[in-house]
Amino acid sequence: MAYEITDDCVLCGNCADECPIKAVKNEGDKYAIEQELCVECGACTFVCDSGAIVTK
Amino acid sequence: MSALKENYDVIIVGSGPAGAAAAKTFCHSGLDVVIIEKCPLPRDKMCSGVILPSARKFLEQHYDDLPEHIFTTPRTLKCSRYVRMNDDQSRVMSFPALDLAEDPSDEYGFNVSRSAFDLWLCEASGAALADNCFLIDYKEEPENITVQVKHNGKYMEIKAKYLIGADGTISRVRRTLAPELEQSLNWIALYEEHYECQIDLEPGWMYWILDQHSFGSILHKGKNLHITAATTWGETAKNLLKRYVNFLTAQHGLKIAKTTMTRGIIMNDQPFRGDYLLGKGNILLVGEAAGFVRALDGITSALVTGKATGESVLQSIQSGKTALDYYSQHELVVAEQEICNKSHLKMAELGFPAG
């Protein structure tokens, strides 16, 4: 279940703070998940209040 | 699932075996207990889903027989075997144990579905269950612990006398309790894929893949083969899994027809350095949240320390001393630290590079 961050991202940064392996990066206009690093644990999804983190 | 009330005697965070075993200890005491779970239930969890002899014994002593619906096929695993990536002939070798905390004469494990097993344990506890309930934070007040949660998308506060962090390796209860410990943790990534496939490894065994800096596992589960990769150094877990798949394709006749699942999990190094954190006052950590994981087996530690947590809270209610006063002295907790430490040493002796 790979995850991605959609344009609903409001740049709060909760997901990046939450990710234990730092696979979420700030790309300026939104955050993005580095797919090779991400192990799909889903921890970021619980702290996203804008519903921007979805399964691919 | 239950609606949340404003007040409880005990709030347990996490619906795994640790939380369920703690809850079961309260079952007949008349306490008002809720287990909150961030996922919808039943929730799946990345785990081999093998109940090892140590856990089997605990379950036999404290629970009714395991119901049939929690089992997958093959129903039991005989023992472990391993292959080494650097072995030119890629021999399948016999491994001395399935359960590193147990006598090898008592080997065999049950092959179960974690989602069904964990939910059965929770339901057997008699506690109220609230799913889709994510712990935001909590604070201690003189009379209560106020716990902020997001339940079905709505932010709310609930209160309890005791808070049990049974919320695993990425424990939010631990994070608030000991931010300095959190900063010091190193994280290990595990990644897994499930396949409909052929392979020339016989079902009914737990297979380990050992590499210089990593290890993985291969397990037949239902109609699928699960391959898992755990990395403790620079290589990503996804890349490591690709290497395992290439190795098994070349050496063991792996032919993948379809990938049916990809998922992962993170573990920290608390168990490998024996750095247990039991809690503070009437906030207790249990299972992996406290650092209790036996080598290759988190379920037994979770059940054992869960029971100790429950008993410590009951003693605290009777005496007025804090739950931690009892939990930190509890014979099961003292013994579990030693068992965990020994099992990790044994794991290293057997050539597992983790830790």
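Okay, so let's go over this structure.

Rules used in this analysis
Residues numbered from 1 in each chain as written. Chains lettered and ligands numbered in written order. Predicted model: local features only at pLDDT ≥ 70, side-chain atom pairs only at ≥ 80, totals over all residues. Heavy atoms only, no water. Contact = heavy atoms within 4.5 Å. Buried area = accessible area lost by both parts, 1.4 Å probe. Salt bridge = Lys/Arg side-chain N within 4 Å of Asp/Glu carboxyl O. Polar contact = N/O pair within 3.5 Å; in protein donor to acceptor, adjacent residues only side chain to side chain. Helix = DSSP H or I, 4+ residues; strand = E, 2+ residues; numbered from the N terminus. Buried < 20%, exposed > 50% of the residue type's maximum accessible area, 1.4 Å probe, protein only. Patch = residues over 30% accessible without salt bridge, like charges linked within 9 Å, V, L, I, M, F, W, Y side chains within 5 Å. Areas by Shrake-Rupley, 256 points an atom, 1.4 Å probe, with all protein chains shown as cover. Lys, Arg positive; Asp, Glu negative; His and termini not counted. Charge placed at Lys NZ, Arg CZ, Asp CG, Glu CD. Pairing = 2+ DSSP bridges.

**Some thoughts on the interface of chain A and chain B**
The partner chain B presents 22 residues to the 17 residues of chain A that form the contact. Taken over both partners, the interface formed by chain A and chain B buries close to 1,600 Å², and the fraction arising from carbon and sulfur atoms is 56%. Looking at the side of chain A facing chain B, the largest losses of area belong to E36, V39 and F46 of chain A, adding up to 39% of the total buried there. If you look at where chain A meets chain B, you find five salt bridges. Measuring nitrogen to oxygen at the nearest pair gives 3.3 Å for the salt bridge that ties K238 of chain B to E40 of chain A. Applying the counting criterion to the chain A and chain B interface returns 13 residue pairs in polar contact (both at pLDDT 80 or more). When residues in the side of chain A that touches chain B are grouped by element, the largest group, three residues, is from helix α2 (residues 43–47) of chain A.

**Examining the environment of S50 of chain A**
All names here are of chain A. Here S50 is to be found in the loop between α2 and β4 (53–55). When the C-alpha positions of S50 and N26 are compared, they lie 16 Å apart, and in sequence the two are 24 residues distant. Apart from residues no more than four positions distant in its own chain, S50 is found in contact with D8 and V10.

**Examining the environment of Y276 of chain B**
All names here are of chain B. With respect to the helices and strands, Y276 occurs in the loop between α7 (270–273) and β17 (279–280). Between the C-alpha atoms of Y276 and Q329, which are 53 residues apart in sequence, the distance is 13 Å. The contact partners of Y276, leaving out residues within four places of it in the chain, are Q270, A290, G291, F292, Q337, C340 and N341. One polar contact links Y276 to N341, side chain to side chain, over a distance of 2.8 Å.

**Focus: helix α1 (residues 17–26) of chain B**
Helical periodicity: at 3.6 residues per turn, an α-helix aligns residues three or four positions apart in one direction. Residues and elements named next belong to chain B. Taken across its 10 residues, α1 has eight buried, putting it largely inside the fold. Buried within α1 we find P17, A18, G19, A20, A21, A22, A23 and F26. Those residues of α1 hidden inside the fold are in contact with β1 (7–13), β2 (33–36), α3 (114–125) and α8 (299–319).

**Some details on a negative patch on the surface**
Residue and element names in this part refer to chain A. Taken together, the side chains of D7, D8, E27 and D29 make up a negatively charged region of the molecular surface. By secondary structure assignment, the location of E27 is in the loop between β2 (24–26) and β3 (31–33). Relative accessible area serves as the criterion here: at 54%, E27 is assigned to the exposed category.

**Notes on the pairing of strand β7 (residues 109–112) of chain B**
All names here are of chain B. Every second residue of β7 is oriented toward a common face, with G109 and N111 on one face and F110 and V112 on the other, all of them buried. Examined bridge by bridge, strand β3 (residues 50–51) and β7 share two bridges and lie antiparallel to one another. Opposite I51, over in β7, you have F110 as the bridge partner.

**So, the environment of V173 of chain B**
Residue and element names in this part refer to chain B. Inspection of the secondary structure assignment puts V173 in helix α4 (residues 172–177). Judged by relative accessible area, which is 0%, V173 ranks as buried. Residues V173 and A289 lie 116 residues apart in sequence; the distance between their C-alpha atoms is 8.1 Å. Ignoring any residue separated from it by four or fewer positions in sequence, one finds V173 in contact with V13, L135, Y138, L163, G165, D167, I283 and L285.

**Thoughts on unusual backbone geometry**
The omega torsion across L41 of chain B and P42 of chain B is -5°, close enough to zero to call that bond cis. Summarising the element assignment, P42 of chain B is placed in the loop between β2 and β3. Following T73 of chain B, the chain continues to P74 of chain B via a peptide bond in cis, the omega torsion being -15°. A positive phi is found at L11 of chain A, a non-glycine position, where the angle reads about 65°. Its place among the elements puts L11 of chain A in the loop between β1 (3–5) and α1 (14–18). For N152 of chain B, which is not glycine, the phi dihedral falls at a positive 50°. Mapped onto the elements, N152 of chain B comes out in the loop between β10 (145–151) and β11 (154–165).

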